Amino acid sequence: MRIFPDIDDQIAALKSDFPSFEVMQREGPSAIWRGTLKPLMRTYTVAISYRVPTVLERIDLLSMQPRVRVLNPRLAPRRGDPEGDLPHVYRVEGEPVPILCLFDPDTTEWTPADLLSRTTVPYTSDWLACYEGWRATGTWTGGGRHPQQLPTGAPR
């Protein structure tokens, strides 16, 4: 009996629900997909990386979440914005492309039992729509609580 959808289940669901997403890399219980989303005005190329946790792992929802990065066009802060940085992203030292903050791990908006095609991809599209609005108005309409940082040593 499986507790979580395995990586084959995730691959099949993404292929069925979002045919533009292709598996770019697969290794054991991990995969990286690349695909396009057009929430409002622009089309974005995004990458999703995910590793299905093993049953024996201590599950820390923040470190187990899928990692979503916007590859093209690059996310940019607002010109002249005193905040200066992008809202609801995680910066990883040495990596130029931030990871989107899509879920609050304390509210279990996402768990490893969820299919990426039913949570991660729609949440990414919503995040991108909020980003477009923020770029235009300076107001983040996505709500949510942003944890300060990803745990060190988090997978992917």
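Each remark here, short or long, concerns the structure printed above.
Every chain is numbered independently, its residues counted from 1 as its sequence is written. Local features are withheld for residues below a pLDDT of 70 in this predicted model, meaning they are given only at 70 or higher, and side-chain atom pairs are given and counted only at 80 or more; totals for whole chains, interfaces and linings count all residues. Excluded from the side-chain calculations are hydrogens and water; all other atoms, namely the structure's heavy atoms, are used.

### Here we look at the environment of Trp 110
Where we set the bar: Numbering of helices and strands runs from the N terminus; a helix is a DSSP stretch of H or I covering at least four residues, while a strand is a stretch of E covering at least two. Here's how the labels work: a residue is buried when its accessible area is under 20% of the maximum for its type, exposed when over 50%, partly exposed in between, all with a 1.4 Å probe on protein chains only.
Note on placement: Trp 110 falls in the loop between strand S6 (99–100) and helix H3 (120–137). On the accessibility criterion, Trp 110 (2% relative accessible area) is buried. Trp 110 sits 44 residues away from Pro 66 along the chain, and the two C-alpha atoms are 9.4 Å apart.

### Comments concerning the sheet that holds strand S4 (residues 67–72)
To summarise the sheet geometry, strands pair through backbone hydrogen bonds and adopt either a parallel or an antiparallel arrangement. Spelled out, the test is: The rule for pairing is simple: two strands pair if DSSP sees at least two bridges between them. Where helices are involved, their axes are fitted lines through C-alpha atoms of the stretch in contact, as for all axes, and angles between N-to-C directions lie from 0 to 180°. Residues count as neighbours in contact if any of their non-hydrogen atoms are within 4.5 Å of one another.
In space, the four strands of this open sheet follow the order S1-S2-S3-S4, with antiparallel pairing throughout. In this open sheet, the two strands that pair with only one neighbour each are strand S1 (22–27) and S4. With strand direction ignored, the average angle separating the axes of adjacent strands in the sheet is 20°. As paired strands, strand S3 (residues 44–51) and S4 are joined by five bridges and run antiparallel to one another. The partner of Val 46 across the bridge, within S4, is Val 70. Its contacts with the sheet put H3 on strand S2 (30–37), S3 and S4, and the angle it makes with S3 is roughly 140°.

### Some thoughts on the environment of Arg 79
Along the chain, Arg 79 turns up in the loop between S4 and strand S5 (89–90). Its relative accessible area of 83% is what places Arg 79 among the exposed residues. Along the primary structure Arg 79 and Gly 138 are separated by 59 residues, whereas in three dimensions their C-alpha atoms are 9.9 Å apart.

### Focus: the side chain of Thr 119
Along the polypeptide, Thr 119 turns up in the loop between S6 and H3. Judged by its relative accessible area of 9%, Thr 119 is buried. The residues touching Thr 119, leaving out its near neighbours within four places in the chain, are Phe 103, Trp 110 and Asp 114.

Any functional reading would require information that these geometric values do not contain.
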